[in-house]
Amino acid sequence: MSRWVELADGVLARRYGELDLTVGLIIGDGACLVVDTRGDAVQGAELAAAVREVTSAPWQVAITHAHFDHCFGTAAFLPAAVWAHRRCARELAATGEQQRAQWQRYYTVQGQAPVAAALAVAPLVPPDHPVDGRTELSIGGRRVVLAHLGAGHTDHDLVVWLPDDATVFAGDLVEHGAPPDFGDAFPLAWPSTVDRLLALGAATLVPGHGDPVGAGFVRAQRDELAAVAALCHRMLDGEPARDLVCASPYPPDTTRTALARAATHDRADGHDRADGPSAQ
Ligand SMILES: [Zn+2]
């Protein structure tokens, strides 16, 4: 299952049944920007063909973060400028093969041998246009801001903001239809990063998984993330994790992952990146 959803004139999201993934397409006058490229070269080629049904304009690519389902399809778009946060290329180099092995196992166990086989041979394409805090592009005359708002789902989440269309592609900083994924997250920093996302004032926020949502949904998710961060602080203050899990808005496994990440990756002394939030 896949379908385009028009968010504004020339601004589209494409929805997939596979992992409930959502990618984006921004079309300007004689240029376009693809937001995320799906999880392998076959999936990337499907997306590239779907883009070509909508526009023949030359494309650039923006990657929201280094998780395989958002960027292992990039080869299908080359040659192209590939934008991402500066740490994305490093993360892809460090974890790409590990992600490949982990998800090959997942798809094999799920009985999806063709997906596992495609993932096995998907080329890893390091983004070649790094973004530090904020970069503004003109995509065929349409203003597009690429911004890192701080740590959250990862330490290199990039949002794609269309200030003139009140729309932002948020990657996995926002998740609709499932709990947020804390596997590589910074649970203490995440709520403040979502505050900065909300401060952009977008009316439509496009998650990396699930349907596009409004600011009200994201505010509610921000409060849930803040509740998890509060539990993480209590754990860092010495409360046993097992006593905290039942107080979480999220399922036990999700909460345990968040607590473990807080213990090892973002202590109470903060995770404010020197190159951090800047999207004004
Ligand atoms: Zn992710």
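One can find the structure itself at the top, above this paragraph.
Definitions and cut-offs
Residues numbered from 1 in each chain as written. Predicted model: local features only at pLDDT ≥ 70, side-chain atom pairs only at ≥ 80, totals over all residues. Heavy atoms only, no water. Donors = N, O, S within 2.8 Å, 3.2 Å for Na, K, Ca; no water. Tetrahedral: all angles 85-135°; square planar, octahedral: opposite > 155°, others 65-115°. Axes fitted to C-alpha atoms, helices over the stretch in contact; angles between N-to-C directions. Helix = DSSP H or I, 4+ residues; strand = E, 2+ residues; numbered from the N terminus. Parallel < 35°, antiparallel > 145°, perpendicular 65-115°, else oblique. Left-handed = near helix turned anticlockwise from the far one by under 90°. Contact = heavy atoms within 4.5 Å. 1 Å grid on protein atoms, 1.4 Å probe; cavity = no way out; pocket = protein on both sides within 12 Å on 5 of 7 lines; lining within 4 Å. Points joined across faces, edges and corners; volume = space filled by probe spheres on them. Nonpolar A, V, L, I, M, F, W, Y, C, P; charged D, E, K, R; others polar. Salt bridge = Lys/Arg side-chain N within 4 Å of Asp/Glu carboxyl O. Buried < 20%, exposed > 50% of the residue type's maximum accessible area, 1.4 Å probe, protein only. Phe/Tyr/Trp six-rings, centres within 6.5 Å; stacked < 30°, edge-to-face > 60°. Core = buried A, V, L, I, M, F, W, Y, C linked by side-chain atoms within 4.5 Å.

Colleague: Got a minute to help me understand the coordination of the zinc ion in this structure?
Modeller: Where a metal carries four tetrahedral donors, each ideal angle is 109.5 degrees; where it carries six octahedral donors, the ideal angles are 90 or 180 degrees. All of the protein donors around the zinc ion are H65 (NE2), H67 (ND1), H153 (NE2) and D172 (OD); their distances to the metal are 2.2 to 2.3 Å. Around the zinc ion sit four donor atoms, and with donor-metal-donor angles ranging over 90 to 171° the site reads as irregular.

Colleague: How should the packing of helix α3 (residues 86-109) against helix α4 (residues 113-120) be read in this particular structure?
Modeller: Each pair of packed helices gets described by two things: the angle between the helix axes and the distance between those axes. At a minimum axis separation of 8 Å, α3 and α4 run at an interaxial angle of 165°. When the axes of α3 and α4 are compared, the pair comes out roughly antiparallel. In the packing of α3 onto α4, the handedness of the crossing is left-handed. Where α3 approaches α4, its residues R100, W103, Q104, Y107 and T108 are matched on the opposing element by A113, V115, A116, L119 and A120.

Colleague: Quick question: what am I supposed to make of the layout of surface pockets here?
Modeller: Its volume calculated, the largest pocket comes out at about 490 Å³. For the largest pocket, the lining is made up of 21 residues, of which H67, D69, Q102, W103 and D181 are closest to its centre. For the lining of the largest pocket, the secondary structure elements donating two or more residues are α2 (68-71), α3 and β11 (167-175). Looking at the lining of the largest pocket element by element, the count peaks at seven residues for α3. In terms of residue class, the lining of the largest pocket is made up of five nonpolar, nine polar and seven charged.

Colleague: Honestly, the pattern of salt bridges in this entry has me stumped. Any pointers?
Modeller: In a structure, side chains of opposite charge can pair up when their charged atoms sit close to one another. A full pass over the atoms with the stated rule returns 16 salt bridges. Salt-bridge contacts for R143 lead to E136; the nearest nitrogen and oxygen are separated by 3.8 Å. Here R256 and D253 are joined by a salt bridge, their closest N and O atoms 2.9 Å apart. Separated by three residues within a single helix, R256 and D253 lie in helix α8 (residues 252-264), roughly one turn from each other. Connected through salt bridges with shared partners, the residues R3, R15, D20 and D211 form a single ionic network.

Colleague: Would you mind going over the environment of A178 with me for this structure?
Modeller: Mapped onto the elements of the fold, A178 is located in the loop between β11 and α5 (190-199). Owing to a relative accessible area of 36%, A178 belongs among the partly exposed residues under this scheme. Considering only alpha carbons, one finds A178 and I27, 151 residues apart in sequence, at a separation of 29 Å.

Colleague: Which parts of the structure should I look at to understand the packing of aromatic side chains?
Modeller: For any pair of aromatic rings, geometry is given as the distance between the ring centres together with the angle between the planes. Applying the stated criterion across every chain, the model contains eight aromatic pairs. Taking the centre distance of 5.1 Å and the plane angle of 80° together, the rings of Y106 and Y107 count as edge-to-face. Centre to centre, the rings of F182 and Y250 are 6.3 Å apart; their planes meet at 55°, and the pair counts as tilted. One end of the pair, F182, is in the loop between β11 and α5; the other, Y250, is in the loop between α7 (241-245) and α8, with 68 residues separating them in the sequence. According to the relative accessible area criterion, Y250 is buried, its value standing at 8%. Clustering of aromatic rings is evident, with ring pairs tying together F68, F72, W103, Y106 and Y107.

Colleague: Can you walk me through the nonpolar core in this structure?
Modeller: It is characteristic of soluble globular proteins that their nonpolar side chains tend to be buried jointly. In terms of nonpolar packing, the biggest core is built from 34 residues, with V159, V168, F182, L197, L205 and V218 touching the most fellow members. Counting residues per element, this core draws most heavily on helix α6 (residues 215-236), at eight residues. If we skip the residues at most four places from it in the chain, F182 touches P187, W190, L225, V228, Y250, T254, T257, A258 and R261. Core analysis: the next-biggest nonpolar cluster, separate from the first, contains 29 residues, L12, L25, F68 and Y107 among them.

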